[in-house]
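Spelled out, the chains give:
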Amino acid sequence: MNQHVRTDEREEQQQVRADDGYAQRERRFRQLYEEHYLHIQAYAVRRLDERADVADVVAEVFTTAWRRLDDVPPAAEARLWLYGVARRVLAGHRRGKERFGRLIARIEASHVAAPQPALGDTDGRLTRALRQVPPAEREALLLVAWEQLSYAEAAQVLGCSPNAIGIRVHRARSRVREAFGEPPPEHPVRETPMPAHTGGNHGR
Amino acid sequence: MDVDTVLRAHDPASRQPLPGPDSAEAIGIYQQIIGSARPKRKTARIRIVVGVTSGAVAALAVGLTLSSLPGGTHSAGTAIAHPGPSTTGGAPVVAVLTAKQVLDTAASAALSHPGAAPRPDQFVYTKVGDGGGHVAQTWLSVDGSRNGLMEAQGPGGTTTVLGCVDGKRQIRLPGYNGKPYTGPANPKAPVPLDGPVVTEPCTPQPAFLPGMPTTASAMPAYLAKTQGVRLNDVNDVAKVVGGMFQSDYLLPAQRAALYEFLATMPGLTLERNVKDVTGRPGIGVGWSFEGSTAVLIFDPSTYTLLGITTRGEHGQVGGGALLQMAITNQAGQQP
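Please read these numbers as outputs of a predicted model, since none were measured by experiment. (Residues numbered from 1 in each chain as written. Chains lettered and ligands numbered in written order. Predicted model: local features only at pLDDT ≥ 70, side-chain atom pairs only at ≥ 80, totals over all residues.)

Engineer: Explain the overall build of chain B to me, and be specific about the residues and the numbers.
Structural biologist: Counting secondary structure elements, chain B contains seven helices and 15 strands. Evaluated residue by residue, chain B yields a buried proportion of 44% over its 335 residues. In chain B, 59% of the contacts between residues at least 6 apart in sequence involve partners at least 24 apart. (Helix = DSSP H or I, 4+ residues; strand = E, 2+ residues; numbered from the N terminus. Buried ≥ 20, exposed ≤ 12 C-beta atoms within 10 Å, placed from the backbone. Contact = placed C-beta atoms within 7 Å.)

The following block contains the structure:
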C-alpha cells in the first residue's frame, strides 16, 4: 500500500514538473507570439497576392517557432529569426501554389525565393519596376524599406554580411530608379551571387 | 528619386488594417498551435498536429550546382593588407581637426602602402565582421571570369559567386544523373545537384577595377557612370565608396583618389573616439541621412579604413568591419 502511495507521489511530482516545463514553454511562446504577430503578418501581407493566404503563412511560421522554441534567439533577434522562417515558408508556399517551371524553380531555389510583392500601386509601375530586380537584391531592399531593418539585421535574415546587403540594396535601388526612367549606370555593378546550396538552414 | 520613400508610400501593410494578436484570427491560430500541444494528465508528451509544411520547406531546400570554370594556380596566397589598429609608431603625425583632414590623411597613408595589380586569374579575399559575432569571408574573381565564393557563419553557409566567360556562364540544375528534378514541389529530402547543365547570359563583374581613375577629379564621373552613384547625395556616395573599400581591391592611387573625392563632399563631420562594429577604436568621418547616421572609421594611427558603422533612428547599430583583405590564387584559400 505504502509502496503504491510513494509511486503515485512520484508520478504526481513528475507530472507537476512536466506541467511546469510546459507552462514555462507556453509562456515564452505566448510572449513571442504577441510581440511579433503583427510583424510577421505584415511581412506576409507585403509579399502575398491573396490576403486569404496570409493566415496560413503566419500559422506556419509560428508553428515552426513553437516546435523550435529552443532555437529562437532572445529579444530583438527573435523577429529576425522569424523573418528568416517566414521567408522560407513563403518560398515553399509559392512553389507549391504556382507550380513554377523548371527555370523559375531553379531561380527560386537558388535564391530561397523572395516572392513577388503585392503592392498598392494602382498603375502597377512600382510592381513592374520591382520585378526587374533580382530576387536576392529585391528582398534585401524590401527588408530595409518595409521591415525597416538595418543592414546588419537584414544580413541576419538573409544570412550574409551587412556589406553584401549594402551592395544588394544599393543595386536594387539603382534598378528601380532606372525602371522609373532615371539614368542607369553604364556598367552594372557586381551581381548578387547565387548560393551553392541552400539546404536545410537559412539560405543566403 | 528616393526609392525607399516610394516603397513606403506603397507599403501594402499600411494600406489595410491588420488584425492584432488579440484578434479572433490571431487567437484561432494560437489555439491551433498550442491546443493540440498541451500535455494531458499522466502524459507529458507534446504533439503538434498543424504545420508540417515548414519541415517540408526546409527539406526542399535544394541548391544549385555551379559549373567549374578554370581556376588559378595552387600556390600560397599573398597577403596585401591586414587592417587593424596599429600599436606601433610610424603613424602620420597630423593634428586632425576636420573630416576633410581625416580623408586627406587617409589618402596620403594609402599612397604610402605598396600595391600592385593582381593577376586576372587571382581572387580578392575579404574578411568582414558584422559586430554580431558573424564573420563573412569572400573570394571574388579579379576579372570576374572565375567562380568566387562567399562564406558566412551561421545561417547562409557557402555561396558560389558565378564567373562569367564570353558573356555566358553555366549552372547545374537540381536532379539526378544529368536529368532535371521533376518530383513534387516539396520533396521530403534535398534533391541532389546532379541535373543537367544549362548556359545563361551574364556580365563579368570583376573585383579589381583597372579602369578606375587615380585622380579625385575624374572620380565623380566614373562613379556615376559605373556605379550609378547620385553625386548630390553624400549618403549614397559614402556608402558606395565604403562598400567598394570592403569588397574590391583598389590600387593605392585609386584608394587615395576615392578618399580625396570623398573629402570634397559637403555634409561630412569629424567623429572622434568611435569604434567599429567589432569594437576597434578609431577616428571617424560621419554623415546623417533620414534620421540615421553612418561613420567611416579609420585606424587613428595608420588611417587605414576599419569599416562602416551605421546607427538607425531607434539606435540600432549596423555596418561592417573589414578585418582582412588579401589576394589569393584560389577561391576558398586562406591567405
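Moving on from the coordinates now.
Engineer: Account for the environment of Gly175 of chain B, with residues named and values stated.
Structural biologist: Mapped onto the elements, Gly175 of chain B comes out in strand E8 (residues 175-176). The sequence separation of Gly175 of chain B and Gly195 of chain B amounts to 20 residues, and the corresponding C-alpha distance is 3.8 Å.

Engineer: Got a sec to walk through unusual backbone geometry? Specific residues and values, please.
Structural biologist: All names here are of chain B. Here Asp166, not a glycine, exhibits a phi torsion of approximately 50°, which is positive. Within the secondary structure, Asp166 sits in the loop between strand E6 (158-161) and strand E7 (168-172). For Asp166, a count of 8 C-beta atoms within 10 Å translates into the label exposed. The backbone of Tyr303 sits at a positive phi, close to 60°, despite the residue not being glycine.

Engineer: Which residues make up the pairing of strand E4 (residues 135-141) of chain B, and what values go with them?
Structural biologist: Residues and elements named next belong to chain B. Among the seven residues in E4, six count as buried, and that is most of the element. Where strand E3 (residues 123-129) meets E4, seven bridges bridge the pair, whose relative direction is antiparallel. Paired with Thr126 across the strands is Thr138, a residue of E4. Hairpin connection, E3 to E4: the antiparallel pair is bridged by five residues, and Gly131 has positive phi, about 85°. Sheet analysis places E4 next to strand E5 (residues 148-152), joined by four bridges and oriented antiparallel. By the bridge assignment for E5, Gln137 is matched with Glu151. Joining the antiparallel neighbours E4 and E5 is a turn of six residues, in which Gly144 adopts a positive phi near 80°. (Pairing = 2+ DSSP bridges.)

Engineer: Kindly report on the environment of Leu262 of chain B, identifying the contributing residues and their values.
Structural biologist: Residues and elements named next belong to chain B. Residue position: Leu262 is located in helix H7 (residues 252-263). Leu262 gets classed as buried once you count the C-beta atoms within 10 Å, which come to 25. For the pair Leu262 and Asp104, spaced 158 residues apart in sequence, the C-alpha to C-alpha distance is 9.2 Å.

Engineer: Requested: an account of the packing of helix H8 (residues 162-179) of chain A against helix H6 (residues 234-247) of chain B, with residues and values cited.
Structural biologist: Their axes nearest at 10 Å, the elements H8 of chain A and H6 of chain B cross at an angle of 135°. What the angle tells us is that H8 of chain A and H6 of chain B run oblique. Our pair here, H8 of chain A against H6 of chain B, has a crossing hand that is left-handed. Residues Asn163, Gly166, Ile167 and His170 of chain A of H8 of chain A form the contact with H6 of chain B, whose participating residues are Lys239, Val240, Gly243, Gln246 and Ser247 of chain B. Grouping the constituent residues of the contact of H8 of chain A with H6 of chain B by class yields two nonpolar, six polar and one charged. (Axes fitted to C-alpha atoms, helices over the stretch in contact; angles between N-to-C directions. Parallel < 35°, antiparallel > 145°, perpendicular 65-115°, else oblique. Left-handed = near helix turned anticlockwise from the far one by under 90°. Nonpolar A, V, L, I, M, F, W, Y, C, P; charged D, E, K, R; others polar.)

Engineer: Explain the pairing of strand E13 (residues 292-298) of chain B to me, and be specific about the residues and the numbers.
Structural biologist: All names here are of chain B. For E13, the tally of buried residues reaches five of seven residues, placing the bulk of the element in the interior. Taken together, the seven bridges between strand E12 (residues 281-289) and E13 define a ladder with antiparallel strand orientation. Counterpart to Trp287 in the pairing with E13 is Ala294. In textbook terms, the turn of a hairpin is the stretch between consecutive antiparallel strands, and for E12 and E13 this stretch comprises two residues, one of which, Glu290, has a positive phi near 45°. By the bridge criterion, six bridges tie E13 to strand E14 (residues 305-311) in an arrangement that is antiparallel. Bridge pairing links Phe298 to Leu305 in E14. The hairpin formed by E13 and E14 contains six residues between the paired strands, and Tyr303 there has a positive phi angle of roughly 60°.

Engineer: Can you break down H6 of chain B residue by residue, with the values?
Structural biologist: Residue and element names in this part refer to chain B. End to end, H6 covers 20 Å across 14 residues, agreeing with the expected 20 Å (1.5 Å per residue, within 8%). Taken across its 14 residues, H6 has 11 buried, putting it largely inside the fold. For H6, every residue scored as buried is listed here: Val237, Ala238, Lys239, Val240, Val241, Gly242, Gly243, Met244, Phe245, Gln246 and Ser247. (Expected span 1.5 Å × (residues − 1).)

Engineer: Tell me about helix H6 (residues 135-145) of chain A, and name the residues and values.
Structural biologist: For H6 of chain A, a buried count of 10 out of 11 residues is recorded, marking the element as mostly surrounded by other parts of the structure. Among the residues of H6 of chain A, those classed as buried are Ala136, Glu137, Arg138, Glu139, Ala140, Leu141, Leu142, Leu143, Val144 and Ala145 of chain A.

Engineer: Could you give an account of the environment of Glu139 of chain A, with specific residues and numbers?
Structural biologist: Residue and element names in this part refer to chain A. Assignment of secondary structure puts Glu139 in helix H6. The buried category is assigned to Glu139, around which 27 C-beta atoms lie within 10 Å. In sequence terms Glu139 and Arg87 are 52 residues apart; their C-alpha atoms lie 9.4 Å from each other.

Engineer: Tell me about the nonpolar core, and name the residues and values.
Structural biologist: Judged by nonpolar contacts, the single largest core of 125 residues is most densely connected at Ala44, Val61, Ala86, Ala140 and Ala154 of chain A together with Ala106 and Leu262 of chain B. With nine residues, the single largest contributor to this core is helix H3 (residues 76-98) of chain A. Per-domain counts for this core show at least three residues from each of domain 1 (18-51) and domain 2 (78-164 + 206-328) of chain B. Among all residues touching Ala44 of chain A, those that are not within four sequence positions of it are Val54, Val57, Val58, Ala86 and Leu90 of chain A. (Core = buried A, V, L, I, M, F, W, Y, C linked by C-beta atoms within 7 Å. Domains from an automatic or database assignment.)

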